[in-house]
Amino acid sequence: MNSKVIPVSAIGRAHRIASAPQAKVPAIGHLEDRLGRPLTDLRISVTDRCNFRCSYCMPKEVFDKDYKYLPHSALLSFEEITRLARLFTAHGVHKIRLTGGEPLLRKNIEVLIGQLAQLRTADGAPLDLTLTTNGSLLARKAVALKAAGLQRVTVSLDGLDDTIFRRMNDVDFPVADVLMGIDAAHAAGLGPIKVNMVVKRGTNEQEILPMARHFRHTGVVLRFIEYMDVGATNGWRMDEVMPSAEVIALIAREFPLRPLEASAPGETAQRWAYADGAGEIGVISSVTQAFCHDCSRARLSTEGQLYTCLFASHGHDLRPLLRGDADDTQLLSAIGHIWQGRADRYSELRALRDPELTTDVGAARRVEMSYIGG
């Protein structure tokens, strides 16, 4: 196993562009990027902190007690996040996902959810408002989250065996407490609930079938995610990736499956239904079957950096405009021009082993998942 540790001094939150572009010709309304992809989804990181130390995201060797997190003054306020979210809806965003770090660590997160729940799409419909969490605080917060206006949750859970789960989260957190959180979310009406399992070969692939058995007939949509090369600290190796095709074949030997159509354009998961009607599962194959061609997601960091790819090496800083004297039209145009200039397709280039990857995306240190959200 690759045990190389990246020193704290070498870790950045990716190179930033000093400020977002401002052009004389406004970029207003629904737009497409350079590859013809619309902007429909916005993922907002509300904190760079997490109470887990999963090796594929925030390894303890790097994110230790001396790691310097962002000061509170650097974080966007709830009002600033809501203002930006409102502007993104004018460009066609209809789905917002709150992420982290662990978003439930952000104090008074229910207040932000309440503000975002009041927003409407360009067509006047409520937003699809959801949140991804490790589940550690979900049992105590589920009712308040629902009352504030949150619609759904996605819970990260990498296995049911308590020993394996404690080892993966690396803070000795019990799996029973996450399962309690899932039950609380279900009782509160935060559904349909999705559970994401990152599959890392040699670590937790033996948990695939137990997870499938556990969540059948529950209404929970279980999704298996290929271990990804996000950031610079997780020591990613291709031989630790278990292709989604193997996951599906493994499950299908015990529970016959049939393919389902995508539920929406740009959906990241390939969907499969149990042939006996026990529910559905999904696989997210960003390593072996890249889906860059229809990716319609933008990511906003907790300090106002706009990223156009999960594997980005730089962000566009919206905070100077947000805290300066820019009006909504100027901010709207800046966001639009960033999207119009987007040509990201990291996963496709990686799959092709394209020379462009080495000279461009692969040459710079990529942003960490704990900073940008998954």
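Quick caveat, the model's predicted, so the values are computed rather than measured.

1. Regarding the UniProt feature "binding site: [4Fe-4S] cluster 2" (unreviewed entry) in the chain
Argument step 1. The positions that UniProt labels "binding site: [4Fe-4S] cluster 2" (unreviewed entry) are, in the present scheme, Cys-292, Cys-295 and Cys-309. The named residues occupy 18 residues along the chain; their greatest pairwise C-alpha distance, 9.3 Å, places them in one compact cluster.
Argument step 2. Structurally, the position occupied by Cys-292 is in the loop between strand E10 (280-284) and strand E11 (297-300).
Argument step 3. Look at Cys-292 and you get buried, because its relative accessible area is 10%.
Argument step 4. Every residue in contact with Cys-292, bar those within four places of it in the chain, is listed here: Arg-37, Arg-345, Tyr-346, Ser-347 and Glu-348.
Argument step 5. By relative accessible area, Cys-309 is classed as buried at 11%.

2. Section: the packing of helix H1 (residues 78-90) against helix H9 (residues 328-340)
Argument step 1. Put simply, H1 and H9 touch, their axes get as near as 10 Å, and they point 65° apart. Pair H1 / H9 crosses with right-handed handedness. In this structure, H1 contributes Arg-83, Leu-84, Arg-86, Leu-87, Phe-88 and Ala-90 to the contact, and H9 contributes Asp-328, Leu-331, Leu-332 and Ile-335.
Argument step 2. Among the residues forming the contact of H1 with H9, the class breakdown is seven nonpolar, no polar and three charged.

3. Focus on unusual backbone geometry
Argument step 1. Cis geometry is adopted by the peptide bond preceding Gly-101, which originates at Gly-100 and carries an omega value of 15°.
Argument step 2. Position of Gly-101 among the secondary structure elements: in the loop between strand E3 (95-99) and helix H2 (109-117).
Argument step 3. With an omega dihedral of 0°, the bond running from Gly-191 to Pro-192 counts as a cis peptide bond.
Argument step 4. Residue placement: Pro-192 occurs in the loop between helix H5 (175-188) and strand E6 (194-199).
Argument step 5. In this structure, Asp-170 takes a positive phi of about 60° despite not being glycine.
Argument step 6. Relative to the assigned elements, Asp-170 resides in the loop between helix H4 (162-169) and H5.
Argument step 7. We note that Asp-172 has phi near 65°; this positive angle belongs to a residue other than glycine.
Argument step 8. Checked against the element boundaries, Asp-172 lands in the loop between H4 and H5.

4. Regarding H2
Argument step 1. For H2, the full list of buried residues reads Ile-109, Glu-110, Leu-112, Ile-113 and Leu-116. Down the axis of H2, the smallest arc covering the buried residues is 155°, so these residues share one side.
Argument step 2. Buried residues belonging to H2 abut H1, E3, strand E4 (128-133) and helix H3 (138-148).

Rules used in this analysis
- Residues numbered from 1 in each chain as written.
- Predicted model: local features only at pLDDT ≥ 70, side-chain atom pairs only at ≥ 80, totals over all residues.
- Heavy atoms only, no water.
- UniProt positions renumbered as here; feature names shortened; annotations may be inferred.
- Helix = DSSP H or I, 4+ residues; strand = E, 2+ residues; numbered from the N terminus.
- Buried < 20%, exposed > 50% of the residue type's maximum accessible area, 1.4 Å probe, protein only.
- Contact = heavy atoms within 4.5 Å.
- Axes fitted to C-alpha atoms, helices over the stretch in contact; angles between N-to-C directions.
- Left-handed = near helix turned anticlockwise from the far one by under 90°.
- Nonpolar A, V, L, I, M, F, W, Y, C, P; charged D, E, K, R; others polar.
- Arc of directions from axis to C-beta.

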